[in-house]
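# Observations on chain architecture
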Amino acid sequence: SGTIPPDLIRYNTNLTNASYLFYATNISGNIPASLLMYNTKLVDIQGLFGFCVQLSGSIRNEFLKYNNLLTNISRLFTACTSLSGSFPSDFFTYTPLIKNVELILNQCRYIDITNFNIPVTIIPNIVNFNSMMNASSYGKLSGTMQDIWTYASPTATKLDAFKGQTDFTNYASIPNEWKGL
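Position labels on residues start from 1 in each chain and follow its written sequence. In keeping with the predicted nature of the model, local features appear solely for residues at pLDDT of at least 70, side-chain atom pairs appear and are counted solely at 80 or more, and the whole-chain, interface and lining totals rest on all residues. Side-chain measures were taken over the full set of non-hydrogen atoms in the model, leaving aside hydrogen atoms and water.

### Thoughts on a nonpolar patch on the surface
On the surface, a cluster of nonpolar side chains totalling about 260 Å² of accessible area is made up of Tyr 20, Tyr 23 and Phe 51. The helix and strand labels rest on DSSP assignments: H or I over at least four residues marks a helix, E over at least two residues marks a strand, and numbering proceeds from the N terminus. Inspection of the secondary structure puts Tyr 23 in the segment before β1 (84–86). Given a relative accessible area of 32%, Tyr 23 falls into the partly exposed group. The patches described consist of residues with a relative accessible area above 30% and no salt bridge, like charges being joined within 9 Å and nonpolar side chains (Val, Leu, Ile, Met, Phe, Trp, Tyr) within 5 Å. Each accessible area value is a Shrake-Rupley result obtained with a 1.4 Å probe; residue values ignore everything except the protein chains displayed when judging cover. Only one rule defines a salt bridge in this text: a Lys or Arg side-chain nitrogen within 4 Å of an Asp or Glu carboxyl oxygen. Burial classes: relative accessible area under 20% of the type maximum marks a residue as buried, over 50% as exposed, and values in between as partly exposed (1.4 Å probe, protein chains only).

So, in structure tokens, the structure goes:
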């Protein structure tokens, strides 16, 4: 158990893949805002914090500001059941190449997604939305979900993207195929 040192990977500036770096570890506390700041060549951070159930606080604004080459953020916060606060509105602003958001907030329960915003120019390029915010048997997210289904490619996978998220204020307007129905 311990917190993440803000400079842990700062000097590894050629790092392209940080997948599963902290996956299922006992790290606790907040995610340092500058953790990935110097890793501008990152392409894949799949599962970076997945199953870090003691990780607390909120997801920081501009967390991915310097990571504009990212394509895969699947499982990024899956089962981070202690994260809370509002999802940053600028989270996807700096990641124009994102292709995979599968399971990104799967099994999270204390995050308000009202500010969740993927720029509409990026949404058609995402190929995998599967279980993006699947409530599974855990708690539900709150807020109003962005209508990403309006802009998504018809060929994008979306199996159970919002399954069980009946607390979304706009749940009724989400297409059944996105709700796993």
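### Here we look at the confidence of the model for the protein
pLDDT measures the predictor's confidence residue by residue and takes values from 0 up to 100. When pLDDT is averaged across the protein, the result is 94; 97% of the residues are at 70 or more. Confidence scores differ between elements of the protein, with strand β2 (residues 110–112) showing the lowest mean pLDDT of 91 and helix α1 (residues 176–179) the highest of 96.

### Notes on unusual backbone geometry
With a phi angle near 60 degrees, Phe 51 is a residue other than glycine that sits in the positive phi range. Topologically, Phe 51 is positioned in the segment before β1. Not every positive phi belongs to a glycine, and Ser 131 is a case in point at roughly 45 degrees. In this structure Ser 131 comes out as buried when scored by relative accessible area, which is 12%.

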